[in-house]
Amino acid sequence: MSPHITTSSEANGNVSAATAQATVRAAERAEAAGPKPVTFAKALNTALADAMEADAAVVLFGEDIGTLGGVFRITDGLTARFGEQRCFDTPLAESGIAGMAIGMAINGMRPVIEMQFDAFAYPAFEQIASHLAKMRNRTRGALDMPVVIRIPYAGGIGGVEHHCDSSEAYYAHTPGLKVMTPSTVADAYTMMREAIDSDDPIVFLEPKKLYFSKDPVDLDALRAEHDAAASAGGHLTEGRAAIARPGTDATLIAYGPSVSTALAAAEAAAQEGRSLEVIDVRSIVPFDDETVSASVRKTGRAVVIAEAPGFASVASEITARVQERCFHSLAAPVLRVTGFDVPFPSPKLEHYFLPSVDRILDTVDLLQWED
Amino acid sequence: MSAVPGEQHATEAADLDTVCRHFGISVEDYLLPSRGQIQIVDETGKLRPAEDQGTEPGHEYPLPDDDTLMKAYEQLVIGRRVNDQNSALVRQGRMAVYPSSHGQEACQVAAALCLGADDWMFPTYRDSVAVMAKGVDPLETMILFRGDWHGGYDPRKYKVGIQSTPLTTQLLHAVGVAHAAKLRGEDTVVLAMCGDGATSEGDFHEALNFAAVFNLPVIFFVQNNQYAISVPLAQQSVAPSLAHKAVGYGMAGERVDGNDLVALMAVLGRAVELARTGAGPLLVEAHTYRMQAHTNADDATRYRQDAEVQAWQAKDPLNRMTAYLQGKGLLDDPASERIAAHAEETAKALRDGLNQDPEVDPLELFQHVYAHQTPQLVEQAALLADELSREGDAK
Ligand SMILES: Cc1ncc(C[n+]2csc(CCOP(=O)(O)OP(=O)(O)O)c2C)c(N)n1
Ligand SMILES: [Mg+2]
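Residues numbered from 1 in each chain as written. Chains lettered and ligands numbered in written order. Predicted model: local features only at pLDDT ≥ 70, side-chain atom pairs only at ≥ 80, totals over all residues. Heavy atoms only, no water.

## Section: the site of ligand 1
Residues in close proximity to ligand 1 total 16 residues, the closest being Y125, R126, D196, A198 and Y227 of chain B. The site occupied by ligand 1 is bordered by residues of chains A and B. Within the backbone of A198 of chain B, one N or O atom sits 2.8 Å away from an oxygen atom of ligand 1. Grouping the amino acids of the shell around ligand 1 by side-chain chemistry returns 7 nonpolar, 5 polar and 4 charged. (Near = heavy atom within 4 Å. Polar contact = N/O pair within 3.5 Å; in protein donor to acceptor, adjacent residues only side chain to side chain. Nonpolar A, V, L, I, M, F, W, Y, C, P; charged D, E, K, R; others polar.)

Right, dumping it as structure tokens:
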């Protein structure tokens, strides 16, 4: 007889394990009532748990994500709660992880896989670019690919080489993939839920410098909002940029790890009497032209900010799109603050490379102000 | 289902130890391929004496029954006809390209027929005949090569992956399908195909290791046709055989004469049965030969000698099987005629289908990229639609 393994979390354990789970959930709910300081990591962890709870087809795998809970602890406790069939470690092979996820998706599962660090996702690139991105198109819609690739992403943590890459352009350039990156704790929850709901493959970039940042959020309320939107068939975040700070004089367009830097720059500019609007792109693909263009048409000036090297980058794409759509509203060329076109620097040099508040403010100063 | 083939009352899933106990051999002897290729019917179509079939303890294979062999033979005849029909259609400009499996049809047929209806197959560009033998509509199979779309059939409907071009990437999809089935408690077996050259790729390694570590019912079926385009096997690997690669993963390997349909049915049949009981993945290497160029665009005279091709001609899988079945008294003239007529029907369906020029819809370019078109794709589709309407106006 073949081994009988089911994907239901209850069936993996005995009755007492199920009771224990119920107790844990009740405790979590009591604890989560009302806004509380929650880390970005905990929001992601909760979103994963909620999605696993909601759908037995959701399975998690990657390197060190089982017993250890991931090197950043994003899957902490999920193996214990849902069993080794639902959250498990694989041999060390990123193409294997991505390729197996594709096969599982072909056969009815909704895999959420973790790449341990951004630059260690490159061995998986062939599977991602040649199959994951193309499968729906190749099969004329017969096979959807509900796969989420979670990638701890970008710098700002003093990491050594290969641990700090901003690799979004590779994925954003590949038709068939969607690319998301949250910058707030609330979005970490909601965007992860929506990524797992999606029938298209999602590259989910988690800015690792934000993992242990905290915001006061009400996870129960976020869960309820997600459930309501999902059952109405709508999206709260996919394809929708957010206005992170309203303003009137110029627009800063940023995403992921650069949003907090842009907000700090806007705060500093406000002290000097300049009102900057900050747009958090959130969804790189599909891109929300509408929100971004509306802001720039209103302010007439824009700076695009991103950590990745600027040449042939997502920042370049956004700049071009704004130029095409807002030309007649622009008082100055759209400028960019990006990483230099050099490999990501070693820890002692990274602050020269990363977009900083000063560099953003200097660039804003170049936007041909009349006064 | 029994833990090991032939055992009726076992309730536990088989593991390696159970299987080895059943065969009365050590784990090493089970994992290692037999000393030579398994060959049951020789090149002249004669049944070899059991002691000469290349088998050793634990590697003996029962002869498939007559009915199984006749069904396989029919597919073999159809497969040869399909290959030659498709090559002709390429020469006539009806298809962009066709990588023929002429000479490898026994492998193609056995790969499909060893599987049950709910089992999956993951083929390559060369495996069109196997795809059809698994039940996919011949014309849908050829849409890839006719050039109107990248794939012409619904993989879930036929349990056949889209024919894969990036070498060995599909082996990991096979692993994923098997893994999902196992998690749901289903006893699906998955057969994943690749060529000899492809065994050098990284995904070959990753797929075999994953399948072994997760103990998944995947049969890795390598058609060693001696060449990867122009590069001979000796430049891919110096392993004693490709089947030996299995041992490093803790997986059983076996090698078989890839032009002996009887041996292929026996070896793959047992592999499927073992995998289904939970004994883990297996690697089967079939020795065969690509009788024609890599594709119609290739010139094989640049890298191999005519004498070599002639030597393999004498080992042709179809001639051998015809002789064997005639010798056995299974294949009489009416049976031959019926089978030939069936093959001709398939060839005619291909000719008729591929001689048509179905309209392609340029706007379909935007339809299947995402579940819902993004605003950007809606814009681009409108641009193309506008261009098309202006072309229409100009006419
Ligand atoms: C990753 C990758 N690299 C290169 C190619 C180009 N290519 C197509 S077929 C082929 C030879 C493959 O030989 P083998 O695996 O022996 O299969 P065969 O064609 O002989 O059936 C090559 C190099 C490819 N399709 N995919
Ligand atoms: Mg070959």
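## So, the coordination of the magnesium ion (ligand 2)
Residues and elements named next belong to chain B. Bound to the magnesium ion (ligand 2) on the protein side are D196 (OD), N225 (OD1) and Y227 (O), at distances that span 2.0 Å. The sequence pattern formed by the donor residues of the magnesium ion (ligand 2) is D-x28-N-x1-Y. Grouping residues by exposure puts N225 and Y227 together as buried. (Donors = N, O, S within 2.8 Å, 3.2 Å for Na, K, Ca; no water. Buried < 20%, exposed > 50% of the residue type's maximum accessible area, 1.4 Å probe, protein only.)

## What to know about the pairing of strand β6 (residues 252–257) of chain B
Residues and elements named next belong to chain B. By the criterion of burial, β6 is predominantly enclosed, with 6 of the 6 residues buried. Alternating positions in β6 separate into two faces, A252, E254 and V256 on one and G253, R255 and D257 on the other, with burial throughout. The β-α-β motif built from β6, the intervening helix α10 (residues 261–276) and the parallel element strand β7 (residues 282–287) has right-handed crossover chirality. (Helix = DSSP H or I, 4+ residues; strand = E, 2+ residues; numbered from the N terminus. Right-handed = clockwise from strand over helix to strand, strands pointing away.)

## Considerations on the interface of chain B and chain A
Quoted interface sizes are often the accessible area lost when the parts come together. Across the contact, 50 residues belong to chain B and 53 residues belong to chain A. Of the roughly 4100 Å² buried where chain B meets chain A, counting both sides, 58% is carbon and sulfur surface. The largest contributions to the chain B side of the interface with chain A come from R156, L183 and Y370 of chain B, which together make up 17% of the buried area. The partner of D144 of chain A in a salt bridge is R156 of chain B, and the shortest N-O contact between them spans 3.7 Å. (Contact = heavy atoms within 4.5 Å. Buried area = accessible area lost by both parts, 1.4 Å probe. Salt bridge = Lys/Arg side-chain N within 4 Å of Asp/Glu carboxyl O.)

## Points about the domain arrangement of chain A
Residue and element names in this part refer to chain A. For chain A, the assigned domains read domain 1 (37–231) and domain 2 (242–365). Taken residue by residue, the interface counts 25 residues in domain 1 and 21 residues in domain 2. Both sides of the domain 1 and domain 2 interface together cover about 1800 Å² of buried area, and 60% of this is carbon and sulfur. Where domain 1 meets domain 2, there are 1 salt bridge. When the shortest N-O distance is used, the salt bridge between D187 and R282 registers 3.2 Å. At the junction of domain 1 with domain 2, the criterion picks out 11 residue pairs in polar contact (both at pLDDT 80 or more). Mapped by element, the contributors of at least two residues to the side of domain 1 that touches domain 2 are α8 (168–172), β6 (178–180) and α9 (185–197). (Domains from an automatic or database assignment.)

## What about the sheet that holds strand β13 (residues 302–309) of chain A?
Pairing between the strands of a sheet comes from backbone hydrogen bonds, and it takes one of two forms, parallel or antiparallel. All names here are of chain A. Spatially, the 5 strands line up as an open sheet ordered β9-β11-β10-β13-β14, and their pairing is mixed. A strand with exactly one partner marks an edge of an open sheet, and here the two such strands are β9 (242–245) and β14 (335–339). Between one strand and the next, the sheet's axes are offset by a mean angle of 25 degrees, whatever the strand orientation. Pairing of strand β10 (residues 250–254) with strand β11 (residues 276–280), which is carried by 5 bridges, proceeds in the parallel orientation. Looking at β11, one finds that A254 is bridged to D280. Seen against the sheet, helix α12 (residues 289–299) touches β9, β10, β11 and β13 and runs at an angle of roughly 155 degrees to β10. (Pairing = 2+ DSSP bridges. Axes fitted to C-alpha atoms, helices over the stretch in contact; angles between N-to-C directions.)

## Examining the side chain of R270 of chain B
Within the fold, R270 of chain B resides in helix α10. Among buried charged residues, R270 of chain B stands out as having no salt bridge; its nearest opposite-charge side chain is E254 of chain B, 5.2 Å away. (Lys, Arg positive; Asp, Glu negative; His and termini not counted.)

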